[in-house]
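If you want the building blocks of each chain, they are given just below.
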Amino acid sequence: MSNTVMRIRLAGAVVAGAVSVALLAACSSPAPSGEASAASCQPAQGKVTLQYWNTVPGMDQVVALWNKKNPNIQVETKNIANDQYGTLGNALKAGKAPELAQIGYDQLPSMRTQDAFVDVSACADAVAAKSKFVPWTWSQTSFGDTGVFAFPQDTGPMALFVRKDLFEKHKIEIPKTWDEYAADAQKLRDADPDLSITFFDPNNAEFFNGLLWQNNARMYGYSGDKWQVTVDSEQSRQVADYWQKLIDAKLVRTDLAHATPPMYAAYEKNQVATYIGAAWGYSMLRDNLPDQAGKWTIVPLPTWGTSAASGDWGGSTVAFMKGNPHLYESVKFNTWLNTDPEALALENKLGGLYPAATAGLALPALSEGVPYYGNEKIFDVFAESSKNIDTSFAWGPTQKTVNLALQDAMAKAVSGSGKLTDAISAAQAAALKSMQDQAIPAAAGN
Amino acid sequence: MADIATRGTRVVAESGDRRRLSDGGPRAGIVLAFLTPFFLPFVLFYLVPIAYAIWQSFLVVRRTGGQYGTSYTTFGGFEQYAEVFQNGEFWASIGRIALFGIVQVPVMLVVALIMALLLDTPLLKLKSFFRVAAFMPYAVPGVIAAIMWSFLYSPQLSPVVDLLKGLGLEPDFLGPGAVLWSAANVSTWLWTGYNMLIMFSALQAIPGELYEAAKLDGASNWAIAWRIKVPIIAPSIILTTVFSIIGTLQLYAEPAVLRQISSNISSTYTPNMLAYAVASGNNYQQAAAISVVIAVITFVLSFGFMRLTSKRAGL
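Residues numbered from 1 in each chain as written. Chains lettered and ligands numbered in written order. Predicted model: local features only at pLDDT ≥ 70, side-chain atom pairs only at ≥ 80, totals over all residues. Heavy atoms only, no water.

Draft legend 1. Fine view of the side chain of T55 of chain A. All names here are of chain A. Looking at the element boundaries, T55 is found in the loop between β1 (48-54) and α2 (59-69). The exposure class of T55 is buried, given its relative accessible area of 15%. Those residues in contact with T55 that lie beyond four places of it in its chain are N79, I80, A81, Q84 and Q102. (Helix = DSSP H or I, 4+ residues; strand = E, 2+ residues; numbered from the N terminus. Buried < 20%, exposed > 50% of the residue type's maximum accessible area, 1.4 Å probe, protein only. Contact = heavy atoms within 4.5 Å.)

Listed below in structure tokens is the structure:
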């Protein structure tokens, strides 16, 4: 989720959208087929070539390093950043999916619902890889230890980016809890009428989901042969209420969209004092607000009461795709790609990835001070955040539709017609409706 | 007068048709050779996808067993269509573009017509400059135009907003009430020159003798424009109106780009955006049904308009 990705989104999404509508008809319906069962894991004779589709800048160089060392397992990459899931969806339907593909955590259940993956638990190395990753990531790629469908690649543990110079100037303490954060919002405004503590972008469900995750809001479960939809819960309403109060008091900006030129302009003009972000955001601020070097610090996300819980925003996995004939080789490459220190260092340097592998958190580049942040060891904060992320959180099988419904309703709340809690119930309704449309057994849980 | 003129063009058109028809028969092979490069892609990339979309719109998804059970599609009759017609978002999006079209299309076409008539008067200097200048926006891809305009609308970046604020105004181009018209403005900017050019080329085809005759009869420039030029180019005006109706119903790029900076455009703002949102949620069958309904509405409106106007204009 680098800034480039965001910018591409602006133009790319539109073009892709127009094209997809046109291509709608070209997509065929999936034929009935068995649930991905554990296939055998025999090494192939001779040379093998694997396809690996992803959206990470510089990934071709990482793969080139592997190819040099492994003449018998050659990997070809393809960048599908323009329309990641559209490209993969079409390839799956055409039976031409790559062996390995990048999938965001929140899209894993949706892709599995489309029968996109193969279970590689027949490979001993795949099962053993569990210990190498941050716990919550493995619980998502293994769907709660029911198989091995993907390896975690990178994560976006959340933290609070703070303009320490502004807080110092107005003699305000950096907040540790959400209550303090709200109080500071008022103090900053009192000190400077043009200053807001942050902005709330209603068109960013991924961000809001991260905040829900932090507050232990478990949006989906599975029991009694049905998905249990608990998007609408006490915990999610608490988060919605909190932000509604800040919006009503006009203490947060609602006119800025995340990672767009207007957002950077507002930060540039010193109108916004904090940025609630994820690990990948460190380079985003560094690259887009070069004049503010030394003015930022990164602290843990404000907490609900005394709980140290954090949330995740973004990050991806490398999934084993359906029809993959080379499971053994795919596991070998995927293990190297996502746990080998040399590979992780290169991915961090070229693609800005914050690794999901525990070994990655100890990379030299991630234990040093970062000049833009006054030489602070900012990655320690993200490593700590990563440990405090709820491992039981699960995404739904129609997450994209639910996100869109949440966004549309949050936008209404922000423009004054409705409340953010209405958006929570709208998202709950959309989850049930979209699952019904896809004939996925679901019920409102509690 | 109008009647004579239109009947004149009609005679020309008919004799043209007859010539083509009489040549066709004996040289079928040659005709086929010339038409294949057109018809093959036309069938493959136009007719087949349309037929496929219609087929998809009659299917529903079913699933067997478990949390991640296996899906298959089966014939569901009009089930998807029933969903479309019961979908409040769909009707809201239709209402939005209806409002958009009722205001934007006439404004754009009147401006285009005035510009075409001005370009056609002998009074105007620097004609080719104005013609190219007016047509220029059409050369800018729609997405790029929308991105450019979004920079002019954004309160954080726009010099226009700064200027208006300096004058004591508080413009909000992206607010809940204004954003539809901000999108309409982008469409108007993009397409006025294109429509003007169609009307202008029709004006160029009017024989000069008509003007001479009118002048001898003592008609003013105003009367010539209103009584001769406009009636003669009526078919072109109808054509541009039909194009505009179709364009409005398929509105996508402008609101989709503005959506990136304004939360007042929902993911289901126009019918096409709704179809895209539904498709991106893997509900291809429902998206196909929405697309078919949009297509039918488009056909009904554009052919309805053509019938209505051709009767009126006596074409």
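Draft legend 2. Broad picture of the domain arrangement of chain A. Residues and elements named next belong to chain A. Taken as a whole, chain A is organised into domain 1 (48-155 + 314-362) and domain 2 (158-313 + 392-444). The straight-line distance from the C-alpha centre of domain 1 to that of domain 2 is 28 Å. Facing 14 residues of domain 1, the contacting portion of domain 2 comprises 16 residues. Roughly 1,200 Å² of surface becomes buried between domain 1 and domain 2 when both sides are summed, with 54% attributable to carbon and sulfur atoms. The tally of links between domain 1 and domain 2 comes to zero salt bridges. (Domains from an automatic or database assignment. Buried area = accessible area lost by both parts, 1.4 Å probe. Salt bridge = Lys/Arg side-chain N within 4 Å of Asp/Glu carboxyl O.)

Draft legend 3. Examining the pattern of salt bridges more closely. Across all of its chains, the model carries 16 salt bridges over all chains by this definition. Here R259 of chain B makes a salt bridge to D408 of chain A, at a shortest N to O gap of 3.9 Å. Note that R259 of chain B is positioned in the loop between α12 (253-258) and α13 (271-280) and D408 of chain A in helix α16 (residues 399-414), a pairing that runs across two chains. Judged on exposure class, the residue R259 of chain B and its partner D408 of chain A are both buried. With a closest N to O distance of 3.6 Å, E79 of chain B and R62 of chain B form a salt bridge. Taken together, the residues E79 of chain B in helix α3 (residues 79-86) and R62 of chain B in strand β1 (residues 59-64) connect sequence positions 17 residues apart. Among the residues examined, E79 of chain B registers a relative accessible area of 37% and is labelled partly exposed.

Draft legend 4. Main features of the state of the cysteines. Residues and elements named next belong to chain A. Scanning all chains against the criterion turns up one disulfide over all chains. The residue that forms a disulfide with C41 is C123, at a sulfur-sulfur distance of 1.9 Å. In this structure the cystine formed by C41 and C123 twists about its S-S bond by roughly 105 degrees; its chirality is therefore right-handed. Taken together, the positions of C41 in the loop between α1 (3-23) and β1 and C123 in the loop between α4 (108-113) and α5 (124-128) put the pair 82 residues apart, joining distant regions of the chain. (Disulfide = S-S within 2.5 Å.)

Draft legend 5. Representation of the sheet that holds strand β5 (residues 220-223) of chain A in the model. All names here are of chain A. Spatial ordering of the open sheet is given by β5-β6-β10, a layout of three strands whose pairing is mixed. Looking at the sheet topology across the chains shown, the edges are occupied by β5 and β10 (442-444). For this sheet, the mean angle separating the axes of adjacent strands, direction not counted, is 30 degrees. Here four bridges tie β5 to strand β6 (residues 226-229), and the two strands are oriented antiparallel to one another. (Pairing = 2+ DSSP bridges. Axes fitted to C-alpha atoms, helices over the stretch in contact; angles between N-to-C directions.)

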